[in-house]
Amino acid sequence: MARTDLPNVETRLYINGQWLDGSEGTKAVIDPATGKTLAKIQQGGKAEALKAVEAANAAFPKWTATPPDKRAALMNKVADLIDEEKDRLATIMTMEQGKPLKQALAEIQTNVENLRWNAAEGQRIYGDIIPAPPGYQWLAEKQAIGVVGAITPWNFPSNMIVRKIAPAIAAGCTVILKPSSETPLSALALMELFDKAGFPAGVVNVVLGKSKPIGEVLSTSDDVQKLTFTGSTEVGKLLNEQAATTLKKVSMELGGHAPFIIFPDADLEQAVESLIAAKFRNNGQVCTSPNRIFIHEEVKEKVSNMIVEQIKEVTVGNGLDDPTTGPLINKSGLEKVAEQIQDATDKGAKILFGGKQLTEGDYADGFFFEPTVIDGITTDMDIYYEETFGPVIPLISFTDEEEVIKAANDTPFGLASYFFSDNIHTINNVSKKLAYGMVGVNDVAISHSATPFGGVKHSGFGRENGAYGVEEYITVKFVTIKA
Ligand code: NAP
């Protein structure tokens, strides 16, 4: 098997343009494929978070007054540097997060696109001139909201960061980032490139360390005007409560439990291929991963057999070897998947393929799980209502269009949903009635630099990407001028 050492990468906090040790010791970053320690990362806490807020606040007036084309030029410089260093960045990501190299490279490439897209959009943040009575001029002026606190998860350890930083700095905001402690190296590798590109001190800052005290500063400081969070619904609710004390603007990109519906008139091959591609992207550890597969009873047996045949082609291994799918992020991720499967089989579900942790040979020290297909899922099973975050395809049959819409909406989550059909009436009806922020019809590619990404219900609020994503970092000021 191909193996490599961790490429050189920073392990310190980045505040006010300086790399700093933290006051709270160090924390190990573990390779989920081998269980080995990759690096020891400096840890900060409340003191460092306050220092970063001060730096971002001090940098804001000059950065927001920097002409948009100059801000764009710096952002494009970072995009160029990322492109030049994509192999190094992808290797770091694969080693700390586990995803196959090809997927890591695709994520890095998305960063390049996001930066360039937002750099351009930042130059098109127009306001409005509102028809006014004679002798007056009425303006709706768009201004950067101010200092942004950004907290990100481990599943897309680089792109979840760029999705927030790129629109924020394009709009003229300054940022304090707190990345996941599972995957800080990708965040630090990115920061190295912001530094190298020549970003002014304090425009982007990274605080590493215990999430609670850092989160408290970012969500309750009056010097932070916007909090943007991607992560679990549980932590999102807590941060939202904390942020309410200072009434700051908030965006929440939270958990999902996507339905994937296959109607009998669908192109079944396309549906199954899309399902496998979406499910095994990042080993199912994606907020938009298909988690409840509803198949019309007329085609249920045929489609189940097709899924089992295709899943046999899915390879599992160390992401550096570029298998279809890698390990899960950690032991608790592994245990959650095993518990959901145990609970489902205890209540009568039947495993059609896989179902176990992989523990032999090269798998022995990592967090690997077999690609799994499980049939006969019912509403009394945990897997029906809980986000899965693993390589499990749970099958449910249905008979009627309205019945399946109701079942698909029977969840507190509302992020991504998918269905496959060739019937125009079904397409029209179902896409309107699915209570989700995103609907993929005969398509699972629902995330692009130009299109709005986000959820409803307990999946959160606010949108990332596209013009809607930039709006999250803007406030509208009304100016009336009397002649
Ligand atoms: P998580 O446990 O909620 O952690 C997310 C981030 O919040 C991490 O940086 C974590 O830091 C931090 N955090 C944890 N507790 C905190 C607290 N009390 N105060 C402030 N920050 C705190 O989620 P995760 O396990 O990393 O990510 C998986 C979840 O993210 C899934 O539910 C997934 O659906 C969701 N997700 C949603 C989207 C979307 O766009 N809707 C995209 C990707 C992922 P530490 O790591 O240091 O604890």
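Conventions we followed
- Residues take numbers from 1 onward in each chain, read along the sequence in its written order.
- Per-residue local features of the predicted model are confined to residues with pLDDT of at least 70, and side-chain atom pairs are confined, for both listing and counting, to 80 or more; whole-chain, interface and lining totals are unaffected and use all residues.
- Remark: hydrogens and water are excluded; side-chain values derive from all non-hydrogen atoms of the structure.
- UniProt positions are given in the numbering used here, feature names are shortened, and annotations may be inferred rather than shown by experiment.
- Here a residue counts as near a molecule or strand whenever at least one of its heavy atoms sits within 4 Å of it.
- Counting of polar contacts relies on pairs of N or O atoms within 3.5 Å, with two restrictions inside protein: one atom must be capable of donating a hydrogen and the other of accepting it, and residues adjacent in sequence are counted only when both atoms are side-chain atoms.
- Calculation of accessible area relied on Shrake-Rupley with a 1.4 Å probe; when residues are assessed, cover is drawn exclusively from the protein chains displayed.
- Helix and strand assignments come from DSSP, with helices taken as H or I runs of at least 4 residues and strands as E runs of at least 2, each series counted from the N terminus.
- Residue contacts are defined here by distance: any two heavy atoms, one from each residue, within 4.5 Å place the two residues in contact.
- By definition here, a salt bridge exists when the distance from a side-chain nitrogen of Lys or Arg to a carboxyl oxygen of Asp or Glu is within 4 Å.
- Any two rings among Phe, Tyr and Trp, with Trp reduced to its six-membered ring, count as a pair given centres within 6.5 Å; such a pair is stacked if its planes are under 30 degrees apart, edge-to-face if over 60, and tilted if neither.
- Relative accessible area decides the class of each residue, using a 1.4 Å probe on protein chains only: under 20% of the type maximum gives buried, over 50% gives exposed, and in between gives partly exposed.
- By nonpolar core is meant a set of buried Ala, Val, Leu, Ile, Met, Phe, Trp, Tyr and Cys residues that side-chain atoms within 4.5 Å join together.
- Helix span, as expected, comes to 1.5 Å for every residue beyond the first.
- Each pair of strands is called paired provided DSSP finds at least two bridges between the two strands.
- Angles here are taken between N-to-C directions and fall from 0 to 180 degrees, while the axes themselves are lines fitted to C-alpha atoms, restricted in helices to the stretch in contact.

- If you check an unreviewed UniProt entry, the chain appears there as Succinate-semialdehyde dehydrogenase/glutarate-semialdehyde dehydrogenase from Candidatus Enterococcus clewellii.
- Regarding the chain, the relevant UniProt record gives this comment under Sequence similarities (unreviewed entry): "Belongs to the aldehyde dehydrogenase family."

**Quick word on the site of the ligand**
- Around the ligand sit 28 residues, and of these Thr-152, Ser-181, Ser-232, Leu-254 and Glu-387 come closest.
- Contacts to the ligand include Ser-180, whose side-chain N or O atom sits 3.3 Å from an oxygen atom.
- Take Ser-211: an N or O atom from its side chain is 3.4 Å from an oxygen atom of the ligand.
- Compared with its free state, where it exposes 910 Å², the ligand has 87% of that area covered by protein.
- Those elements giving two or more residues to the shell around the ligand turn out to be α7 (211-220), β10 (226-230) and α8 (233-244).
- Looking at which element gives the most residues to the shell around the ligand, the answer is α8, with three residues.

**A word on the environment of Ala-258**
- Note that Ala-258 resides in strand β12 (residues 258-262).
- Taking the C-alpha atoms as reference points, Ala-258 and Tyr-436, separated by 178 residues in sequence, lie 8.8 Å from one another.
- Setting aside anything within four residues of it in sequence, one finds Ala-258 in contact with Thr-288, Ser-289, Pro-290, Asn-291, Arg-292, Ala-416 and Tyr-418.

**A word on the pattern of salt bridges**
- Taken as a whole and assessed by the stated rule, the structure comprises 20 salt bridges.
- Notably, a salt bridge pairs Asp-80 with Arg-116, separated by 2.7 Å at the nearest N-O pair. With Asp-80 in helix α2 (residues 68-84) and Arg-116 in helix α4 (residues 101-121), this residue pair connects regions lying 36 residues apart in the sequence.
- A single network of salt bridges, built from pairs that share partners, joins Glu-85, Arg-88, Glu-192 and Lys-196.

**Considering the packing of aromatic side chains**
- Scanning all chains against the criterion turns up 11 aromatic pairs.
- Centre to centre, the rings of Phe-263 and Phe-419 are 6.1 Å apart; their planes meet at 85°, and the pair counts as edge-to-face. One end of the pair, Phe-263, is in the loop between β12 and α9 (268-280); the other, Phe-419, is in strand β19 (residues 416-420), and 156 residues separate them in sequence. Per residue, the accessibility class of Phe-263 equals that of Phe-419, and both read buried.
- Look at Tyr-384 and Tyr-385: their rings are 5.0 Å apart centre to centre, the planes differ by 65°, and that puts the pair in the edge-to-face class.
- The buried category is assigned to Tyr-384, whose relative accessible area is 4%.

**As for the nonpolar core**
- Of all hydrophobic cores here, the largest spans 82 residues; its most connected members are Ile-82, Leu-115, Ile-169, Phe-194 and Phe-199.
- Examining the composition of this core, we find that nine residues originate from one element, helix α6 (residues 184-197), more than from any other.
- Setting aside residues no more than four positions away along its own chain, Phe-194 makes contact with Val-78, Leu-115, Ile-165, Ile-169, Phe-199 and Val-204.
- Ranked by size, the runner-up nonpolar core spans 30 residues in total, among them Ile-311, Leu-395, Leu-415 and Met-438.

**Concerning the side chain of Gln-285**
- Checked against the element boundaries, Gln-285 lands in the loop between α9 and β13 (290-296).
- Non-local contacts of Gln-285, meaning those with residues more than four positions away in its chain, are made with Gln-97, Trp-154, Asn-155, Pro-327, Leu-328, Ile-329, Phe-389 and Gly-390.

**So, helix α5 (residues 159-171)**
- For α5, built from 13 residues, the straight-helix expectation of 18 Å at 1.5 Å per residue is met to within 8% by its first-to-last C-alpha distance of 18 Å.
- The buried fraction of α5 is high, at 13 of 13 residues.
- Just beyond α5, the residue with positive phi is Gly-172, at close to 105°.

**Things to note about the sheet that holds strand β22 (residues 474-482)**
- One open sheet accounts for three strands, arranged β5-β6-β22; its pairing is antiparallel. Each of the sheet's edge strands pairs with one partner strand only, and the pair in question is β5 (128-130) and β22. Adjacent strand axes in the sheet meet at a mean angle of 25° when their direction is disregarded.
- Relative to β22, strand β6 (residues 136-144) is paired through nine bridges, and the arrangement is antiparallel.

**Some words on the sheet that holds β12**
- Within the open sheet, the seven strands sit side by side as β14-β17-β18-β13-β12-β19-β20. Their pairing is mixed. Strands at the two margins of the open sheet, each flanked by one partner only, are β14 (350-353) and β20 (438-441). The mean angle between the axes of side-by-side strands here comes to 25°, regardless of whether they run parallel or antiparallel.
- Pairing analysis gives three bridges linking β12 to β19, with the strands arranged parallel.

**Let's talk about the pairing of strand β18 (residues 392-398)**
- Burial analysis of β18 places six of its seven residues in the buried class, which makes it a mostly covered element.
- Taken together, the three bridges between strand β17 (residues 372-375) and β18 define a ladder with parallel strand orientation. When the bridges of β18 are listed, Thr-372 appears paired with Val-392.

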